[in-house]
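# An overview of the molecular structure
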Amino acid sequence: IIKTNNKNKLNRLISKDVKEPQFVYVGGKGGVGKTSTSSAIAIKLADEGFRTLIVSTDPAHSLGDALDIDLSNGLLTTIYHNPSDYKSNL
């Protein structure tokens, strides 16, 4: 859980100097923006050139909605995107 010195921890997450895998878990009660937050983090990291994996256990398929892609087959899916597609929706 990121509680103190948030900016330094987030900067470390996107630092090219860190060689070991980094894991980010987004949790909370229903309706607090977990899917939106995790999608935004994944998009930012991918845009920065990091190999990025995003996993959802939400049966509502809202991750697919957030990324505007059909993920209903339950298979690993490689997603290629144009970053400007997301900026226009912010």
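Worth saying up front: this structure is predicted, and the values here are computed from it rather than measured.

### Topic: the confidence of the model for the protein chain
- Overall, the prediction assigns the protein chain a mean pLDDT of 77, with 77% of residues at 70 or greater.
- When pLDDT is averaged over each helix and strand of the protein chain, the minimum, 56, is found for helix α4 (residues 83-87) and the maximum, 87, for helix α2 (residues 34-47).

### Observations regarding the pattern of salt bridges
- Enumeration over the complete set of coordinates arrives at 1 salt bridge.
- Note that Glu48 and Lys44 form a salt bridge whose closest N and O atoms lie 2.7 Å from each other.
- Residue Glu48 is classed as partly exposed on the basis of its relative accessible area, which comes to 31%.
- By relative accessible area, which is 41% here, Lys44 ends up partly exposed.

### What to know about α2
- Here α2 is 14 residues long and its end C-alpha atoms lie 20 Å apart, about the 20 Å a rise of 1.5 Å per residue gives.
- Turning to α2, its buried residues are Ser39, Ala42, Ile43 and Leu45. For α2, the buried positions fall inside an angular range of 165° around the axis, keeping them on one side.
- Once α2 ends, the next one or two residues include Gly49, with phi positive near 95°.

### Structural notes on the layout of surface pockets
- There is about 910 Å³ of room inside the largest pocket.
- Together, 27 residues line the largest pocket, and Phe23, Val24, Leu53, Ile54 and Val55 are the ones closest to its centre.
- Broken down by element, the residue count for the lining of the largest pocket peaks at 6 residues, all from α2.
- Grouping the constituent residues of the lining of the largest pocket by class yields 15 nonpolar, 7 polar and 5 charged.

### Considerations on unusual backbone geometry
- You will see that Asp68, though not glycine, has its phi angle at about 55°, which is positive.
- Secondary-structure assignment places Asp68 in the loop between α3 (62-67) and α4.

### Remarks on the environment of Thr78
- Here Thr78 lies in the loop between α3 and α4.
- Thr78 sits in the exposed class, given a relative accessible area of 56%.
- The sequence separation of Thr78 and Leu53 amounts to 25 residues, and the corresponding C-alpha distance is 9.3 Å.

What counts as what
- Here the residue numbering is sequential within each chain, running from 1 through the sequence in written order.
- Where local features are concerned, this predicted model is filtered to residues with pLDDT of at least 70; where side-chain atom pairs are given and counted, the filter is 80 or more; whole-chain, interface and lining totals use all residues.
- Values reported for side chains reflect all heavy atoms of the structure, with hydrogen atoms and water molecules removed beforehand.
- In predicted models, pLDDT denotes the confidence assigned by the predictor to each residue on a 0 to 100 scale.
- Starting at the N terminus, helices and strands are each numbered in turn, a helix being any DSSP run of H or I of at least four residues and a strand any DSSP run of E of at least two.
- Here, a salt bridge means any Lys or Arg side-chain nitrogen found within 4 Å of an Asp or Glu carboxyl oxygen.
- Three labels apply to residues, based on accessible area from a 1.4 Å probe with only protein chains included: buried if under 20% of the type maximum, exposed if over 50%, partly exposed otherwise in between.
- The length a helix should cover is 1.5 Å for every residue beyond the first.
- This arc describes the spread of directions from the helix axis toward the C-beta atoms.
- Any residue with an atom within 4 Å of a point lines the site, the site being either a cavity, points on a 1 Å grid over the protein atoms alone where a 1.4 Å probe fits but cannot get out, or a pocket, an open set with protein on both sides within 12 Å along at least 5 of 7 lines.
- Grid points are joined across faces, edges and corners, and a volume is the space filled by probe spheres set on the points.
- Residues were grouped as follows: Ala, Val, Leu, Ile, Met, Phe, Trp, Tyr, Cys and Pro as nonpolar; Asp, Glu, Lys and Arg as charged; and all remaining residues, including Gly, as polar.

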